[in-house]
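# Summary of structural features
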Amino acid sequence: MGSPHASSVEAVGLVRRFDGTAALDRVSLRIPENSFYCLLGPSGCGKTTLLRLIAGLDTPDEGRVLIGGRDHTATPAHRRPTNLVFQSGALFPHMSVRDNIDFGLRSAGVRGPRARERVEESLELVAMGEFADRMPQTLSGGQRQRVAIARSLVKRPDVLLLDEPLSALDLSLQLHMRRELKRWQQETGTTFVCVTHNQAEAMEMADEIAVMRAGRIEQAAAPEHLYEAPATRFVADFIGENNVFTGLAADRGGARADHVFFPGVDADLVSALAVRPERIRLVDPGAPESAGTARVVTVGFTGRTLRIGLTNESGRELLAELPAGTRVQAGDTVGLAFDPDAVVRIPARDTEAAA
């Protein structure tokens, strides 16, 4: 069930204002064809507004929307090579699963054996063949969302747009559906553009993520790059968990912040430093590699790891993640150590660090 015309999507200087406030402030990005792309950010950051502009459900005040290299800024939604899956699924309650999926084809004039073949392909793709004659009200939330996605994919759009498609599902079903969405995108070759506020969801599914804040894109990159090399303080805080240090002061051979020493760091060139919890090691307080000392406050078992809550000499709360079985308990005084390549430098140009 491949998509014969998967397309790239490009936003060029998009501006959208509501009551004089810019929901999008000159946003530009390019989404490659055949990719799974996520727009990620907190509520009110502009990600859904951007998705609606791509879908044609809204019109920008400035800028252009290109799909497959063609300018679709003025193209009505029903004439764009896109399809949108809403959070709720929005199935027709009086139609069976099969008829819900077939509806889009019939409205597009696709009927007969060709339509039946495509409906069956879609049912098979989302593993809903045995439920084809069921009514939507008899299905679980996850099953209804599968049908909604099948109904969109059956029309073979160049671009499938998903607006928080998993947020209404329980956690275990969310985890399952993440893998399914990724598989469907790979099997169909359709370009998927997904809006989410869940960073774990985006990290697992996306080939590339645009992290948005206050109507702008803070950073767009592959998940691994966002995690290992956040370009701003906001991205460092938003993607995964991080220990972020600000208020750096020059020290002999490096910089110091919150009683933690960072060798080889020029305090004038960075606004903040970040160290992931899993990159911190706990050592003897007097060990040469200790960058500072801290007291263990909490020890939580997660299965494979221990999550260690710490407070250092300055009262700074820190988090470390260590292999399960590590001998440590609340009340211990420990040294903090990390390799030089574990320290992420947030550029001095990032004004967010001062907030």
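Calculation rules
- Residues numbered from 1 in each chain as written.
- Predicted model: local features only at pLDDT ≥ 70, side-chain atom pairs only at ≥ 80, totals over all residues.
- Heavy atoms only, no water.
- Helix = DSSP H or I, 4+ residues; strand = E, 2+ residues; numbered from the N terminus.
- Buried < 20%, exposed > 50% of the residue type's maximum accessible area, 1.4 Å probe, protein only.
- Contact = heavy atoms within 4.5 Å.
- Phe/Tyr/Trp six-rings, centres within 6.5 Å; stacked < 30°, edge-to-face > 60°.
- Lys NZ or Arg CZ within 6 Å of the ring centre and 35° of its normal.
- Core = buried A, V, L, I, M, F, W, Y, C linked by side-chain atoms within 4.5 Å.
- Domains from an automatic or database assignment.
- Buried area = accessible area lost by both parts, 1.4 Å probe.
- Salt bridge = Lys/Arg side-chain N within 4 Å of Asp/Glu carboxyl O.
- Polar contact = N/O pair within 3.5 Å; in protein donor to acceptor, adjacent residues only side chain to side chain.
- Nonpolar A, V, L, I, M, F, W, Y, C, P; charged D, E, K, R; others polar.

What the protein chain contains, in helices and strands, is eight helices and 21 strands. Expressed as lengths along the three principal axes of its C-alpha atoms, the size of the protein chain is roughly 80 × 45 × 35 Å. Classification of the 355 residues of the protein chain by burial places 51% in the buried group. The contacts of the protein chain with a sequence gap of at least 6 include a subset with a gap of at least 24, amounting to 65%.

Here the focus is the packing of aromatic side chains. One pass over the structure, following the stated rule, counts five aromatic pairs. The interplanar angle of 50 degrees and the centroid separation of 5.4 Å between the aromatic rings of F36 and F192 together place this pair among those described as tilted. Of this pair, F36 sits in strand β3 (residues 36–40) while F192 sits in strand β8 (residues 191–196); the two residues are 156 residues apart in sequence, bridging distant segments of the chain. According to the relative accessible area criterion, F36 is buried, its value standing at 0%. By the ring-pair criterion, three or more aromatic residues cluster together here, those being F245, F262 and F338. The positively charged end of R276 is found above the aromatic ring belonging to Y227, 3.8 Å away from the centroid.

In this section: the nonpolar core. A general trend in soluble globular proteins is that nonpolar side chains are found buried together. Judged by nonpolar contacts, the single largest core of 44 residues is most densely connected at C38, I101, I149, L162, L181, I209 and V211. Per-element accounting of this core gives the leading share, five residues, to helix α4 (residues 141–153). Judged by nonpolar contacts, the second largest core, of 27 residues, contains V260, F262, F338 and A342.

Under the domain assignment used here, the protein chain contains domain 1 (9–234) and domain 2 (241–347). The distance between the C-alpha centroids of domain 1 and domain 2 comes to 39 Å. Each partner contributes residues to the interface: domain 1 has eight residues there, and domain 2 has eight residues. Here domain 1 meets domain 2 over a buried area of about 680 Å², counting both sides, of which 51% is carbon and sulfur. Three residues, Y227, P230 and R233, lead the burial of domain 1 against domain 2; their summed loss comes to 73% of the area buried on that side. Taken together, domain 1 and domain 2 are joined by one salt bridge. E228 serves as the salt-bridge partner of R279, at 4.0 Å between the closest nitrogen and oxygen. Counting every contact that joins domain 1 to domain 2 gives two residue pairs in polar contact (both at pLDDT 80 or more). If one sorts the elements of the side of domain 1 that touches domain 2 by residue count, helix α7 (residues 223–228) sits on top with three residues. Its residues placed into classes, the side of domain 1 that touches domain 2 shows five nonpolar, one polar and two charged.

Another point: the environment of S290. Position of S290 among the secondary structure elements: in the loop between β16 (281–283) and β17 (292–301). Put simply, S290 and V260 are 30 residues apart on the chain and 9.0 Å apart in space, counted from C-alpha to C-alpha. Look past the residues within four positions of S290 in its chain and what remains in contact with it is V283, D284, P285, G335 and L336.

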